[in-house]
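# Overview (structure and organization)
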Amino acid sequence: MPGERLSVVVTRRLPDAVETRLKELFDVELNESDTPMSREALQAAMQRADVVVPTVTDTIDGAMLAGAGDRLKLIANYGAGVDHIDVATARQRGIHVSNTPGVLTDDTADMTLALILAVTRRIPEGLALMQAGTWTGWSPTALMGGRVAGRRLGILGMGRIGQAVARRAKAFGMQIHYHNRRRLHAGIEEALEATYWESLDQMVSRMDVISVNCPHTPSTFHLMNARRLKLMKASSVIVNTSRGEVIDENALTRMLRAGEIAGAGLDVFEHGHEINPRLRELPNVVLLPHMGSATEEGRSEMGEKVIINIKTFDDGHRPPDLVVPSML
């Protein structure tokens, strides 16, 4: 009926300002407990809502979309990655999918550099000494790490975040190399002083640091598999702030334990919050709980994009951040 407000279900707790604005504009159901919805609860939400606002913790596959109600017309994802949503099936069923690209670029790039420094300079080991109260004073040979200036950084995925990582790493004096589906424009390469490698194998075998910044798609699942990890130098480290599924976590764990790779900094994991327990035991591994986008500014801007996508759709226009097959 004319004037009826869209029914919107939000699956997780969002920043207060975002939730308040959603309530002002739409008929919204919020998740006050912030407990991830069960599959059954999410399915029920998709049967009664016009719009669902999921996060990376919600898997919306073909079977769930098959059970969606006729009124569901938009999945306004709170996040840039959409590998947890079967976008192709959604489109076949006439359901639009939007995301929140661009707003987390700097935050994630900052965290990437933080992990590179944490691993190469052994920062967590130093913190552990201080927290345990076992530090006995300065020593010329204690906790020696490695200088990042002059090291070769190989960036896997040179989109917005990969380029932001390159700009930061260049300021630290690192040599920038990259592998990407498409080669960057010559002007961007020149500005970043970046060397393109068509062969990922050739790049991996020559780098001191590998930074994973590509999305998770069928073609990037285990892109860093056991064979490719074995190409890395024993003195090299790998950092991942993108998606855990890009790296074969079991193979990485075995190689780290065997000393075949010098270290790793991981903000994401292959099986979500279920982390290989052997990774926790390694002093040369820095593990973070998916903090790459965890800034007040970034999370609020994500919410603003969700609101704009829903409001634009409600006004009868194409959401500005509509996900299309060519993006996947």
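Quick caveat: nothing in here was measured; it's all calculated off a predicted structure.

### A short note on empty space enclosed by the protein
Under the criterion given, the structure shown has one cavity of 30 Å³ or more. What the largest cavity holds in volume is close to 40 Å³. Forming the walls of the largest cavity are Gly-244, Ile-247, Glu-249, Leu-252, Leu-266, Val-268, Phe-269 and Glu-270. The residue makeup of the lining of the largest cavity, split by class, is five nonpolar, one polar and two charged.

### Some thoughts on the sheet that holds strand E10 (residues 237–240)
Spatially, E8-E7-E6-E9-E10-E11-E12 is the arrangement adopted by the seven strands of the open sheet, whose pairing is parallel. The open sheet has two edge strands, strand E8 (194–196) and strand E12 (285–287), and neither has a second partner. Each adjacent strand pair in this sheet contributes to an overall mean axis angle of 20 degrees, direction not counted. Packing against the sheet, helix H7 (residues 160–171) makes contact with strand E6 (152–156), strand E7 (175–179) and strand E9 (209–212), and its axis sits at approximately 170 degrees to E6. Contacting E10, strand E11 (263–266) and E12, helix H11 (residues 249–258) crosses the sheet at an angle of about 140 degrees to E11.

### Remarks on the environment of Glu-193
Topologically, Glu-193 is positioned in the loop between helix H8 (186–192) and E8. Taking the C-alpha atoms as reference, Glu-193 lies 11 Å from Ala-171; in sequence the two are 22 residues apart. Sequence-distant contacts of Glu-193, defined by excluding residues within four places in its chain, comprise Lys-170 and Ile-176.

### Observations concerning the packing of helix H5 (residues 105–120) against H7
Direction vectors running N to C along H5 and H7 enclose 50 degrees, while the axes themselves pass 8 Å from each other. As far as their axial angle goes, H7 and H5 are oblique. When you trace H5 past H7, the crossing you get is right-handed. Side by side, H5 and H7 meet where Thr-105, Asp-106, Thr-108, Ala-109, Asp-110, Thr-112 and Leu-113 of the first sit next to Arg-160, Ile-161, Ala-164, Val-165, Arg-168 and Ala-169 of the second.

### Digging into helix H1 (residues 16–25)
Where H1 is concerned, the buried positions are Val-18, Glu-19 and Leu-22. Seen from one end, H1 has its buried residues packed into an arc of 95 degrees, which puts them on one side. Exposed and facing more than 90 degrees away from the buried side of H1 are Asp-16 and Ala-17. Of the surrounding secondary structure, the elements contacted by the buried residues of H1 are strand E1 (7–10), strand E2 (27–29) and helix H13 (296–314).

Thresholds, definitions, all that
- Residues numbered from 1 in each chain as written.
- Predicted model: local features only at pLDDT ≥ 70, side-chain atom pairs only at ≥ 80, totals over all residues.
- Heavy atoms only, no water.
- 1 Å grid on protein atoms, 1.4 Å probe; cavity = no way out; pocket = protein on both sides within 12 Å on 5 of 7 lines; lining within 4 Å.
- Points joined across faces, edges and corners; volume = space filled by probe spheres on them.
- Nonpolar A, V, L, I, M, F, W, Y, C, P; charged D, E, K, R; others polar.
- Pairing = 2+ DSSP bridges.
- Helix = DSSP H or I, 4+ residues; strand = E, 2+ residues; numbered from the N terminus.
- Axes fitted to C-alpha atoms, helices over the stretch in contact; angles between N-to-C directions.
- Contact = heavy atoms within 4.5 Å.
- Parallel < 35°, antiparallel > 145°, perpendicular 65-115°, else oblique.
- Left-handed = near helix turned anticlockwise from the far one by under 90°.
- Buried < 20%, exposed > 50% of the residue type's maximum accessible area, 1.4 Å probe, protein only.
- Arc of directions from axis to C-beta.

Everything listed is a geometric property; what it means functionally is a separate question.
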